Amino acid sequence: MSTERLRIPAGVTDGAIAVCVAVTLLVAGLPGQRSADGLDLLGYVLLAAGGLALVARRRAPVAVLVVTGLCAVGHQALGFDVPAVAFLFAVYAAVRAGHRIVTVVSAVTVLAALPLAVVALSPDTPVGEALARSRGALEIAWLVAAGAAGEALRQAERRADEAERTREETALRRANEERLHIARELHDSLTHQISVIKVQAAVAVHLARKRGEQVPEALLAIEEAGREAARELRATLEALRDDGKTPPLGLDHVPALLQRARTTGLDATLTVVGRPHDVPAAVDRTAYRIVQESLTNIARHAAAATASVRIDYRPGSLAIQVDDDGAAVADTAPTPGVGLLGMRERVTALGGRLRAEPRGEGGFTVHAELPVDRAR
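Criteria and thresholds
Residues numbered from 1 in each chain as written. Predicted model: local features only at pLDDT ≥ 70, side-chain atom pairs only at ≥ 80, totals over all residues. Heavy atoms only, no water. pLDDT = per-residue confidence, 0-100. Contact = heavy atoms within 4.5 Å. Axes fitted to C-alpha atoms, helices over the stretch in contact; angles between N-to-C directions. Helix = DSSP H or I, 4+ residues; strand = E, 2+ residues; numbered from the N terminus. Parallel < 35°, antiparallel > 145°, perpendicular 65-115°, else oblique. Nonpolar A, V, L, I, M, F, W, Y, C, P; charged D, E, K, R; others polar. 1 Å grid on protein atoms, 1.4 Å probe; cavity = no way out; pocket = protein on both sides within 12 Å on 5 of 7 lines; lining within 4 Å. Points joined across faces, edges and corners; volume = space filled by probe spheres on them. Core = buried A, V, L, I, M, F, W, Y, C linked by side-chain atoms within 4.5 Å. Buried < 20%, exposed > 50% of the residue type's maximum accessible area, 1.4 Å probe, protein only. Pairing = 2+ DSSP bridges. Expected span 1.5 Å × (residues − 1). Arc of directions from axis to C-beta.

### Thoughts on the confidence of the model for the chain
A low pLDDT means the predicted coordinates there should not be read in detail. Across the chain, pLDDT averages 79, with 78% of residues at or above 70. Counting interchain partners and residues more than four positions distant, the pLDDT-below-50 stretch residues 1-5 has zero contacts.

Here's what the structure looks like:
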């Protein structure tokens, strides 16, 4: 955490380097008798411009390479025998960004242009002196070193990115393997026992009705609990085995949830407000789970006769509200069960808000607001 707080932004670092290089070039160009004529002023401008151009070396490395090269050729031709430090920085940045061919062409061009520019603007300058000045301004060894440093860092960053991607893929593979292992364990340990309970309860109910006996309420509850447990286990196993190839359950499947709730005697209605539009997959899944868990809680605990589901499509969010007319009393804090905790965790993970409490007019309400833009 302390390392993150002390990290200097790249823009600040680039600006500081650009100013330092510009000042260094200007100081190096000061010695000697300089007049205040236009050519000397132009030379100082080129020295400063070459250094300050480095502020954009990350955003536009090729453009900075061209600008610093032209500035180096220009101030050398005007008699400012100053090393092309800014151009070396630009070479390093361009190679690091992956522009190797452009960098080589630019370097060769600048190496050839330096003596030609000196001779062109100072015809009396001997060719040997022009070559010596050019060699002093831009040593090939330093040029190669700058390019090699940029390439080495580029390769190191590429290897680091590859290693990070490999770690993520390995972690994802291990997570999928663990999910499949859990699914197998649940299937082997629970499916058989739940099936036995469900079948035995169904047989007992059938025999009691066949003999004309009254079926005990406890037996009917066991039969219903067995069916519900089997459905929940199948849903859990499907979620654990989900490899991304099968489409997850979402808002399109909410009507089926309400139809299933109606088969238990609950008068469930659905209201859609706003213009339906595509939402992120995470929001789609979470909205479905909120409705599913709310209807499950109503069936198990609310003793309600009616339930209403409202889906409100808003510009930047999706609102889900589920109300019932059950036995919940206002000003009574709800008991935090696993279902409510699960819903709250899902909503919070998406940056949304969840409210689950008794209604003033009786019954219980679950209201969730899920941001759409943030989950994309």
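### Some points on the packing of helix 2 (residues 10-29) against helix 5 (residues 85-96)
Relative to each other, helix 2 and helix 5 sit at 150°, their axes nearing to 9 Å. One element, helix 2, and the other, helix 5, form an angle in the roughly antiparallel class. Every residue of helix 5 that contacts helix 2 at Ile17, Val21 and Leu25 is listed here: Val85, Ala86 and Phe89. Classifying every residue of the contact of helix 2 with helix 5 gives six nonpolar, no polar and no charged.

### Structural notes on the packing of helix 10 (residues 254-262) against helix 11 (residues 281-302)
Two quantities define a packed helix pair, namely the angle between the axes and the distance from one axis to the other. For the pair helix 10 and helix 11, the least separation of the axes is 10 Å and the interaxial angle reads 5°. Comparing their axes, helix 11 and helix 10 come out roughly parallel. Residue-level inspection shows Val254, Leu257, Leu258 and Ala261 of helix 10 in contact with helix 11, the latter providing Tyr288, Val291, Gln292 and Leu295. Among the residues forming the contact of helix 10 with helix 11, the class breakdown is seven nonpolar, one polar and no charged.

### So, empty space enclosed by the protein
Scanning the entire structure with this criterion turns up one cavity of 30 Å³ or more. A volume near 50 Å³ is recorded for the largest cavity. Around the largest cavity sit 13 residues that line it, and Leu25, Thr68, Ala72, His75 and Ala86 are the ones nearest its centre. Counting residues per element, the ones that place at least two in the lining of the largest cavity are helix 3 (38-52), helix 4 (61-77) and helix 5. If you tally residues by element for the lining of the largest cavity, the top one is helix 4, at four residues. A per-class count over the lining of the largest cavity returns 10 nonpolar, three polar and no charged.

### Overview of the nonpolar core
Judged by nonpolar contacts, the single largest core of 34 residues is most densely connected at Leu251, Val291, Leu295, Ile311, Leu318 and Ile320. Elements that contribute at least two residues to this core include exactly helix 10, helix 11, strand 2 (306-313), strand 3 (317-324), helix 12 (338-349), strand 4 (353-358) and strand 5 (364-371). Broken down by element, the residue count for this core peaks at eight residues, all from helix 11. The residues touching isoleucine 320, leaving out its near neighbours within four places in the chain, are Leu251, Ala287, Ile290, Val291, Arg310, Ile311, Val366, His367 and Ala368. One finds Leu25, Leu54, Val95 and Val110 within the second-largest nonpolar core, a separate group that totals 29 residues.

### Remarks on the sheet that holds strand 5
The sheet built from five strands is open, its strands ordered 1-2-3-5-4 with mixed pairing. Whereas interior strands pair on both sides, the edge strands pair on one side only; in this sheet they are strand 1 (267-273) and strand 4. The mean angle between the axes of side-by-side strands here comes to 10°, regardless of whether they run parallel or antiparallel. Pairing of strand 3 with strand 5 involves seven bridges; the strand directions are antiparallel. The residue of strand 5 that forms the bridge with valine 322 is valine 366. Each of strand 1 and strand 2 is contacted by helix 10, which is oriented at about 160° to strand 1, the strand it contacts most. Each of strand 2, strand 3 and strand 5 touches helix 11; the most contacted strand, strand 3, lies at about 10° to it.

### Some points on helix 11
The terminal C-alpha atoms of helix 11, which comprises 22 residues, lie 30 Å apart, in line with the 32 Å expected from a rise of 1.5 Å per residue. Within helix 11 the residues assigned to the buried category are Val283, Thr286, Ala287, Tyr288, Ile290, Val291, Gln292, Ser294, Leu295, Thr296, Ile298 and Ala302.

### Points about helix 2
Here helix 2 spans 29 Å end to end across 20 residues, near enough to the 28 Å set by a 1.5 Å rise per residue. The complete set of buried residues in helix 2 reads Asp14, Ala18, Val21, Ala22, Leu25 and Gly29. The arc that holds the buried residues of helix 2, viewed along the axis, is 100°, so those residues lie on one side. When the buried face of helix 2 is taken as reference, the exposed residues oriented beyond 90 degrees from it are Val12, Cys20 and Val27.

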